[in-house]
Amino acid sequence: GAGVSQTPSNKVTEKGKYVELRCDPISGHTALYWYRQSLGQGPEFLIYFQGTGAADDSGLPNDRFFAVRPEGSVSTLKIQRTERGDSAVYLCASSRGLPYNEQFFGPGTRLTVL
Amino acid sequence: TQLLEQSPQFLSIQEGENLTVYCNSSSVFSSLQWYRQEPGEGPVLLVTVVTGGEVKKLKRLTFQFGDARKDSSLHITAAQTGDTGLYLCAGAPDNYGQNFVFGPGTRLSVLP
């Protein structure tokens with residue numbers, strides 16, 4: 001079966017631009033997570049969806065970051081007015097939800113802000 | 001803020017040797033997961049431990065969750081070159097939240 005897919009795999013943008021990163025979870029997985037991973041570090045939690053709703057967005061660094069999951073499947077992470085410090089690999093994961101908690105990760109989108 | 005520390009940061013060993021890597025925190029977690037990540041890919045789940053003192057074995061890998069659910073260890077017996085990668089631990093908060101906390105990882109190199 002298909003795993004978690006993320007598009008694009010690489011995104012280069014200029015400071016101040018708007019970007020959208022897409023995540024297609026495993027079919028039937030109700031939970032979806034976004035993480036950000038900087039070089040040499042572990043993933044940093046951004047936001048968690050259960051179905052269509054953002055159940056926990058405590059990891060979003062500021063109001064330039066926003067994520068949606070309108071139909072409870074595909075999710076889009078949106079970053080406004082990008083800054084050089086936003087450069088990182090953005091990872092998406094999905095799971096069957098509680099109590100399983102077993103996250104399956106996509107390959108990530110490498111975002112570079114020039 | 002819950003933090004996870006991992007040690008060592010880097011480890012280079014010969015094929016056939018045994019090794020242990022550690023994941024420590026001052027916070028209690030409801031569960032702890034271990035992942036392996038290879039360059040250009042997302043982390044892949046190896047195991048989830050839930051009960052304090054729990055030991056799980058996955059072929060040559062042995063995982064232990066500390067009695068107080070604040071720490072964990074991963075022991076590899078007779079390491080192989082295919083074990084090379086970044087080993088990450090991740091904790092689920094004690095309130096069963098889903099804002100997982102990841103450690104910075106241990107980068108393991110197994111040399112032939």
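Structure report, in brief. Since this is a predicted model, take the numbers as computed values, not measurements. (Residues numbered from 1 in each chain as written. Chains lettered and ligands numbered in written order. Predicted model: local features only at pLDDT ≥ 70, side-chain atom pairs only at ≥ 80, totals over all residues. Heavy atoms only, no water.)

## With respect to unusual backbone geometry
Right, so step 1: A cis geometry characterises the amide bond from T7(A) onward to P8(A), with omega recorded as -10°.
Right, so step 2: Among the structural elements, P8(A) can be located in the loop between β1 (5-7) and β2 (10-13).
Right, so step 3: S7(B) connects to P8(B) through a cis peptide bond whose omega is -10°.
Right, so step 4: Inspection of the secondary structure puts P8(B) in the loop between β1 (5-7) and β2 (10-14).
Right, so step 5: Notably, K59(B) is not glycine yet its phi reads approximately 55°, a positive angle.
Right, so step 6: Here K59(B) shows up in the loop between β6 (55-58) and β7 (61-65).
Right, so step 7: For K59(B), a relative accessible area of 84% corresponds to the exposed category.
Right, so step 8: Look at A78(B): it is not a glycine, yet its phi comes out positive at around 50°.
Right, so step 9: Within the secondary structure, A78(B) is located in the loop between β8 (71-76) and β9 (85-93).
Right, so step 10: The exposure class of A78(B) is partly exposed, given its relative accessible area of 31%. (Helix = DSSP H or I, 4+ residues; strand = E, 2+ residues; numbered from the N terminus. Buried < 20%, exposed > 50% of the residue type's maximum accessible area, 1.4 Å probe, protein only.)

## Focus on the pairing of strand β4 (residues 29-37) of chain B
Residues and elements named next belong to chain B.
Right, so step 1: Here β4 lies mainly inside the structure; eight of its nine residues are buried.
Right, so step 2: As defined by bridge partners, β4 adjoins β9 across eight bridges and the pair is classed as antiparallel. Pairing of L32 across the sheet is with G91, part of β9.
Right, so step 3: Here β4 pairs with strand β5 (residues 44-49) via five bridges, running antiparallel. Paired with R36 across the two strands is V44, which belongs to β5. (Pairing = 2+ DSSP bridges.)

## Re the state of the cysteines
Right, so step 1: Here the structure, examined in full by the defined rule, presents two disulfides over all chains.
Right, so step 2: With a sulfur-sulfur separation of 1.9 Å, C23(A) is cross-linked through a disulfide to C92(A). Taking the torsion about the sulfur-sulfur bond, which here is approximately -65°, the covalent link between C23(A) and C92(A) counts as left-handed. Residue C23(A) is found in strand β3 (residues 19-24), and its partner C92(A) is found in strand β9 (residues 88-95); the two are separated by 69 residues along the sequence. Exposure class is identical for C23(A) and C92(A). Each is buried.
Right, so step 3: Here C23(B) connects covalently by a disulfide to C89(B), the sulfurs 2.0 Å from one another. Here C23(B) and C89(B) share a disulfide; its torsion about the S-S bond, 80°, makes the bridge right-handed. With C23(B) in strand β3 (residues 19-24) and C89(B) in strand β9, the pair connects residues that are 66 residues apart, well separated along the chain. You'll find C23(B) and C89(B) in the same group, each marked buried. (Disulfide = S-S within 2.5 Å.)

## Considering the sheet that holds strand β7 (residues 65-68) of chain A
Residue and element names in this part refer to chain A.
Right, so step 1: Strand order in the open sheet made by the four strands is β1-β3-β8-β7, with antiparallel pairing throughout. The open sheet has two free edges, formed respectively by β1 and β7, since each of these has just one partner strand. Strand-to-strand twist across the sheet, computed as the mean angle between neighbouring axes with direction ignored, equals 15°.
Right, so step 2: Here β3 runs beside strand β8 (residues 75-79); their pairing, made up of five bridges, is antiparallel. In the strand pairing of β8, L21 is matched with L77. (Axes fitted to C-alpha atoms, helices over the stretch in contact; angles between N-to-C directions.)

## Let's talk about the nonpolar core
Within soluble globular proteins, side chains that are nonpolar tend to cluster in buried spots.
Right, so step 1: Counting residues in each nonpolar core, the largest one holds 21 residues, and the members touching the most others are L4(B), L19(B), L32(B), W34(B), L74(B), I76(B) and L108(B).
Right, so step 2: At the level of elements, β3, β4, β5, β7, β8, β9 and β11 (106-111) of chain B are the ones that each hand at least two residues to this core.
Right, so step 3: Ignoring any residue separated from it by four or fewer positions in sequence, one finds L108(B) in contact with L11(B), I13(B), L19(B), I76(B), D83(B), T84(B), G85(B) and Y87(B).
Right, so step 4: Of all hydrophobic cores here, the second largest spans 20 residues; its members include L32(A), A67(A), L77(A) and L111(A). (Core = buried A, V, L, I, M, F, W, Y, C linked by side-chain atoms within 4.5 Å. Contact = heavy atoms within 4.5 Å.)

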